Amino acid sequence: MAHLEAITGRYVNLDIDGLSYRIYFEEAGEGPPLICMHTAGADGRQWRHLLNDEEITSRFRVIAFDLPFHGKSTPPGEWWLSQYKLTTKHYAEVIRQFWQALNLEKPILMGCSMAGAIVLKLAIDHQDELTGIIGLESSAYAPGRYNDFLHHPAVHGGELCASYTLGLCAPDSPEAAKRENWWYYAQGGPGVYAGDVHFYSMDWDVRDQVSKIDTTRCKVSLLSGEYDYSATPEMSEAVAREVKGSQYTMMKAMGHFPMIENYAGLKPYLTEALDHMLS
């Protein structure tokens, strides 16, 4: 039978550094705002299971947006004249302007992989504007991810990125869910995954800053998949040691993309983290 999902999609236009950014986002539910951010080279579709979870949307206004160049968000200005390279400064500014444009008061930020990294920077610099952060597969430093074949004329970039990331899923995650994430990755724009990895592998390092997060002002929950060999459990645990009062949990039988590869497996851990955000 036909089923109409409760998710709605809209665009918001942001002005950042003299350029206009048309940002697509989807949302569902009511309550405290929970902003969900996708992994490198992907888009907000990774959060569709959460957006359709009535147990969560009955408690939170869940919002997932596509970064510029990703999904249904439009590249800004004369984007074809320069190579796309994401930076820490610009990444954080886009996210902050997004929640300000939507007039979201004290949002909870949740991100995975590179987004699980950038939420740390936002908590460092803007912790009084947030309720807290939930970092999936978070790291304060993640070198060694970039290689020239991520954007190469002899290689199908979409299939390369999709197949590489397929290997980051846990072996017991449902095959259909892993392939769904593969499909989203295969649709990424040329050079977008490489540009994201530029941030993640070359520009990202807050090892000397994370201890500044005050968890009495901004709560911190870190969830790391047992099988994640990219942002390993040890990397997330290292962040937790520096952030006093943070929660850290290793998720059994989970990989690098818990919200899409195995949402049912993520949900108990996520529910505990969300309860902590509201405690």
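Quick summary incoming for the structure in this document. Here the structure is a predicted model, which means the values were calculated and not measured.

### Brief notes about the overall build of the protein chain
For the protein chain, the helix and strand inventory stands at 10 helices and 8 strands. Relative to the 2.2 N^0.38 estimate, which gives 19 Å for 279 residues, the radius of gyration of the protein chain is 17 Å and therefore close to what a compact globule would have. In terms of overall dimensions, the protein chain has C-alpha extents of about 55 × 50 × 45 Å along its principal axes. Taken across its 279 residues, the protein chain has 54% of its residues classed as buried. For the protein chain, the share of sequence-separated contacts (at least 6 apart) that also reach a separation of at least 24 residues comes to 75%.

### Quick look at the packing of aromatic side chains
A complete count under the given rule lists 10 aromatic pairs for this structure. Seen from their ring centres, Phe25 and Phe98 are 5.6 Å apart, and the 75 degrees between their planes marks the pair as edge-to-face. Taken together, the residues span a long stretch of sequence, with Phe25 in strand S2 (residues 19-28) and Phe98 in helix H3 (residues 88-101) at a distance of 73 residues. Judged by relative accessible area, which is 1%, Phe98 ranks as buried.

### Here's the deal with the packing of helix H5 (residues 157-166) against helix H6 (residues 175-186)
Between two packed helices, both the angle of their axes relative to each other and the distance between the axes serve to describe the pair. Running from N to C, H5 and H6 point in directions that differ by 150 degrees, and their axes come no closer than 8 Å. Taken together, the axes of H5 and H6 lie roughly antiparallel to each other. Considering the relative orientation of H5 and H6, their crossing is right-handed. Residues Gly158, Glu159, Cys161, Ala162, Ser163, Thr165 and Leu166 of H5 form the contact with H6, whose own contacting residues are Lys178, Arg179, Trp182, Tyr185 and Ala186.

Here is what the cut-offs are and how they apply
- Residues numbered from 1 in each chain as written.
- Predicted model: local features only at pLDDT ≥ 70, side-chain atom pairs only at ≥ 80, totals over all residues.
- Heavy atoms only, no water.
- Helix = DSSP H or I, 4+ residues; strand = E, 2+ residues; numbered from the N terminus.
- Rg over C-alpha atoms; globule rule 2.2 N^0.38 Å.
- Buried < 20%, exposed > 50% of the residue type's maximum accessible area, 1.4 Å probe, protein only.
- Contact = heavy atoms within 4.5 Å.
- Phe/Tyr/Trp six-rings, centres within 6.5 Å; stacked < 30°, edge-to-face > 60°.
- Axes fitted to C-alpha atoms, helices over the stretch in contact; angles between N-to-C directions.
- Parallel < 35°, antiparallel > 145°, perpendicular 65-115°, else oblique.
- Left-handed = near helix turned anticlockwise from the far one by under 90°.

Structural measurements only, silent on function.
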